[in-house]
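Read off the chains here:
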Amino acid sequence: MYHYAWALAALSSISPIVVSASPLASRGPSYVSHPDRLAGVKEAFQRSWDGYYEYAFPNDSLKPISKSYDNDRNGWGASAVDALSTALIMENDEVVKQIVDHITTVNFNQTVEGGEGVSVFETTIRYLAGMLSGYDFLTGPFRGKIDEKSVNTILDQSVKLADLLSVAFDTPSGVPINNLIFNGPNGPVTSDDTTNGIATIGTLILEWTRLSDLTGDDKYAKLTLAGEEYLLNVKNPEVGEPYPGLIGTDVNVKDGTFASGNGGWNGGDDSFYEYLIKMFLYDTERFGLFKDRWITAVDSSIKYLASHPSSRPELTFLAAYNGAGKENLNFVSSHLACFDGGNVILGGLTLDNQAYVEFGLKLVEACHETYLGTVTGIGPESFRWQDSKLGNATNNAAAPSDQSAFYAKNGFWISSSAYVLRPEVIESYYYAYRATGDSKYQDWAWDAFLNINKTCSIGVGFSAVMDVNAPGGGSFYDSQESFWFAEVLKYSYLIQAGEAEYQVSADHDNQWVFNTEAHPVKVVGKPI
């Protein structure tokens with residue numbers, strides 16, 4: 001186990017620094033900066049980076065135990081690109097230069113051997129967004145850290161990558177095909193997929209619109225908007241929209257109709273809803289319909305999906321669904337879905353709707369309980385519960401006998417026990433803190449960070465673990481994915497940090513919006 005000097009310092013009497021939301025703040029909370037905690041997160045970043053840079057760079061992901069690497073994102077250096085915005089925020093100039101030097105040399109025309117399959121979604125949220133965020137930062141608050149030629153090359157590389165991915169949209173409906181095949185004699189081609197999911201369709205528009213706004217070429221925004229239209233205006237609502245604003249998961253590429261009515265806020269659906277309010281935050285003039293659809297989706301979620309475990313009815317989770325009706329609810333959620341509280345809070349701040357903020361805080365509280373309930377103090381990959389109102393309905397089974405005591409105490413039982421260095425719970429703590437200024441959310445984030453360090457620190461980095469309810473996390477996967485840099489470390493840092501223009505604001509002056517990989521991009525509309 002790797003021990004940090006700051007773990008002891010965190011228990012000392014280093015005084016926090018109180019900062020205001022804004023010199024002209026009229027309603028926003030005050031915030032507290034914790035220099036000791038910031039130093040701890042920085043050290044974790046440096047250790048993770050040093051291991052990656054020595055044993056994995058310029059490949060995608062570090063295997064910290066075997067001191068090797070995975071090319072799980074096509075071999076273009078995913079961890080490096082994903083780390084750029086975090087390194088800038090931490091003002092780690094040496095790492096920033098290493099990453100920018102790498103970006104300027106990447107050949108996006110070619111993947112590593114065996115990595116020919118390219119996900120448009122993953123490539124967009126990690127590589128494209130990482131570069132666009134870096135460009136926005138380096139032409140904005142961090143101007144001057146990197147020479148102008150290299151900064152411009154970052155945008156050039158973004159254009160080259162988007163142009164290569166654009167083949168995905170060459171379909172009869174304009175709904176993109178997510179999975180592409182690179183390295184062929186005629187460049188990238190699409191796979192034979194006949195459907196695509198709403199997250200992989202609906203989580204492109206922020207990044208591709210930003211690229212259009214930076215280049216002055218609207219073709220990128222238009223490509224993503226074509227597929228988005230089928231999600232905003234469902235052609236077959238009897239199948240694809242079981243509840244107002246809440247839609248199915250799979251969309252037919254041929255004609256944009258929905259193939260099923262299964263959905264919710266879990267993986268595969270999640271970031272479609274996330275981006276509805278974020279697009280309005282990005283530009284209120286162009287994306288008013290997105291805001292309206294977000295309101296409809298959240299109102300339906302509160303009315304139809306909010307569920308309270310029979311053993312802990314004070315907790316609130318959002319159920320999934322297999323069509324309309326209580327009999328089709330599925331009482332399952334996930335670490336991925338725990339972003340929902342933060343997103344609802346962000347919408348409440350944006351729309352001056354305190355009811356949304358309060359509901360979001362309830363979701364955050366419930367996800368916090370998933371961390372409190374386990375041996376490691378880290379929440380599981382997925383979990384279930386029995387709804388308090390449906391009784392013994394066929395879709396409302398009791399906890400399995402070997403977890404009945406655990407369920408009675410905690411209000412959920414574990415259906416998948418892994419932790420793969422996901423950020424969503426800390427992400428929602430961040431939004432809760434920025435909305436309220438309540439330092440308990442900083443403490444929750446710090447507790448989570450310390451528990452992750454204790455459980456996942458291994459070898460020359462941090463690794464996913466197999467069982468959060470076993471001592472030490474059970475065993476390791478030997479995997480440090482790129483979003484560890486982009487998200488976990490960034491949110492862990494920002495929640496303890498002082499004011500900056502890219503911090504989420506409760507004062508209607510948000511100048512930046514975070515993509516789903518936690519890369520901040522500059523808004524173009526009036527800050528709200």
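Residues numbered from 1 in each chain as written. Predicted model: local features only at pLDDT ≥ 70, side-chain atom pairs only at ≥ 80, totals over all residues. Heavy atoms only, no water.

Visitor: I keep staring at the overall build of the protein and nothing clicks. Help me out?
Guide: Of regular secondary structure, the protein possesses 18 helices and 21 strands. The C-alpha radius of gyration computed for the protein amounts to 22 Å, which stays within 12% of the reference 24 Å derived for 528 residues, consistent with globular compactness. Residue burial in the protein is summarised as follows: out of 528 residues, 61% are buried. Nonlocal contacts in the protein, meaning residues at least 24 apart in sequence, comprise 70% of its contacts between residues at least 6 apart. With an accessible surface of roughly 18,900 Å², the protein has 49% of that area assigned to carbon and sulfur atoms. The positive charge centre, built from 36 side chains, and the negative charge centre, built from 64, are 3 Å apart in the protein. (Helix = DSSP H or I, 4+ residues; strand = E, 2+ residues; numbered from the N terminus. Rg over C-alpha atoms; globule rule 2.2 N^0.38 Å. Buried < 20%, exposed > 50% of the residue type's maximum accessible area, 1.4 Å probe, protein only. Contact = heavy atoms within 4.5 Å. Areas by Shrake-Rupley, 256 points an atom, 1.4 Å probe, with all protein chains shown as cover. Lys, Arg positive; Asp, Glu negative; His and termini not counted. Charge placed at Lys NZ, Arg CZ, Asp CG, Glu CD.)

Visitor: Could you clarify how one ought to interpret the state of the cysteines in this entry?
Guide: Note: disulfide means a covalent bond formed between the sulfur atoms of two cysteine side chains. For the coordinates displayed, the defined rule picks out 1 disulfide. Through a disulfide, Cys-338 is tied to Cys-367; the S-S separation comes to 2.0 Å. The sign of the S-S torsion, about -90°, decides the handedness of the disulfide formed by Cys-338 and Cys-367: left-handed. Pair noted here: Cys-338 is in the loop between strand E15 (332-334) and helix H13 (340-351) and Cys-367 is in helix H14 (residues 354-372), with a separation of 29 residues, a long-range link. Residue Cys-367 is classed as buried on the basis of its relative accessible area of 5%. With no disulfide partner, Cys-456 has as its closest neighbouring cysteine sulfur the one in Cys-338, 16 Å distant. Exposure remark for Cys-456: the relative accessible area of 0% places this residue in the buried category. (Disulfide = S-S within 2.5 Å.)

Visitor: Help me out: how do you make sense of the pattern of salt bridges in this one?
Guide: Opposite charge on two side chains makes pairing possible when the charged atoms of those side chains draw close. By the definition in use, this model includes 20 salt bridges. When salt bridges that share partners are traced, they join Arg-73, Glu-122, Arg-126 and Glu-481 into one network. (Salt bridge = Lys/Arg side-chain N within 4 Å of Asp/Glu carboxyl O.)

Visitor: For this particular structure, what's the right way to read the confidence of the model for the protein?
Guide: Detailed reading of the predicted model is not advised wherever pLDDT is low. Chain-level statistics for the protein give a pLDDT mean of 95 and a share of 95% at 70 or above. Mean pLDDT per element in the protein: helix H1 (residues 5-9) is the minimum at 37, and helix H3 (residues 78-89) is the maximum at 99. Below pLDDT 50 for its whole length, residues 1-14 participates in 23 contacts with residues either more than four positions away or in separate chains. Taken together, the stretch residues 22-26 has pLDDT below 50 and engages in 4 contacts with residues farther than four places along the chain or on a different chain. (pLDDT = per-residue confidence, 0-100.)

Visitor: Got a minute to help me understand the packing of H14 against helix H16 (residues 424-436) in this structure?
Guide: The description of two helices packed together rests on the angle between their axes and the distance between the axes. Where H14 contacts H16, the axes come no closer than 10 Å and their chain directions differ by 140°. Our classification of the angle between H14 and H16 gives oblique. When you trace H14 past H16, the crossing you get is left-handed. Here Leu-361, Val-364, Cys-367, His-368 and Tyr-371 of H14 lie close against H16, whose contacting residues are Val-425, Ser-428, Tyr-429, Ala-432 and Thr-436. Across the contact of H14 with H16, the residue classes tally to 7 nonpolar, 3 polar and no charged. (Axes fitted to C-alpha atoms, helices over the stretch in contact; angles between N-to-C directions. Parallel < 35°, antiparallel > 145°, perpendicular 65-115°, else oblique. Left-handed = near helix turned anticlockwise from the far one by under 90°. Nonpolar A, V, L, I, M, F, W, Y, C, P; charged D, E, K, R; others polar.)

Visitor: Whenever I open this one, H3 confuses me. Can you help?
Guide: The α-helix advances 3.6 residues per turn, and as a result positions three or four apart in sequence lie on the same side. Taken across its 12 residues, H3 has 12 buried, putting it largely inside the fold. Considered for burial, the residues of H3 that qualify are Ala-78, Ser-79, Ala-80, Val-81, Asp-82, Ala-83, Leu-84, Ser-85, Thr-86, Ala-87, Leu-88 and Ile-89. For H3, the elements touching its buried residues are helix H2 (35-55), strand E3 (61-63), helix H4 (93-103), helix H5 (120-138), helix H18 (483-494) and strand E21 (520-522).

Visitor: Is there a simple way to think about the sheet that holds strand E5 (residues 117-119) in this case?
Guide: Strand pairing in a sheet relies on backbone hydrogen bonds, with the paired strands running either antiparallel or parallel. Within the open sheet, the 3 strands sit side by side as E5-E6-E7. Their pairing is antiparallel. Two strands bound the open sheet, and with one partner strand each, they are E5 and strand E7 (189-190). Bridge analysis of E5 against strand E6 (residues 179-181) gives 3 bridges, and the strand direction is antiparallel. Within E6, the residue paired with Gly-117 across the bridge is Ile-181. Against the sheet, H5 contacts E5 and E6, and its axis sits at roughly 60° relative to E5. (Pairing = 2+ DSSP bridges.)

Visitor: Explain unusual backbone geometry to me, please; I cannot follow it from the model alone.
Guide: A negative phi angle is the norm for most residues apart from glycine, just as the trans form is the norm for most peptide bonds. With omega at 5°, the peptide bond leading from Phe-57 into Pro-58 counts as cis. Position of Pro-58 among the secondary structure elements: in the loop between H2 and E3. Of note in this structure, Asn-183 is not a glycine but carries a positive phi near 80°. The exposure class assigned to Asn-183 is partly exposed, which follows from its relative accessible area of 26%. Of note in this structure, Asp-478 is not a glycine but carries a positive phi near 60°.

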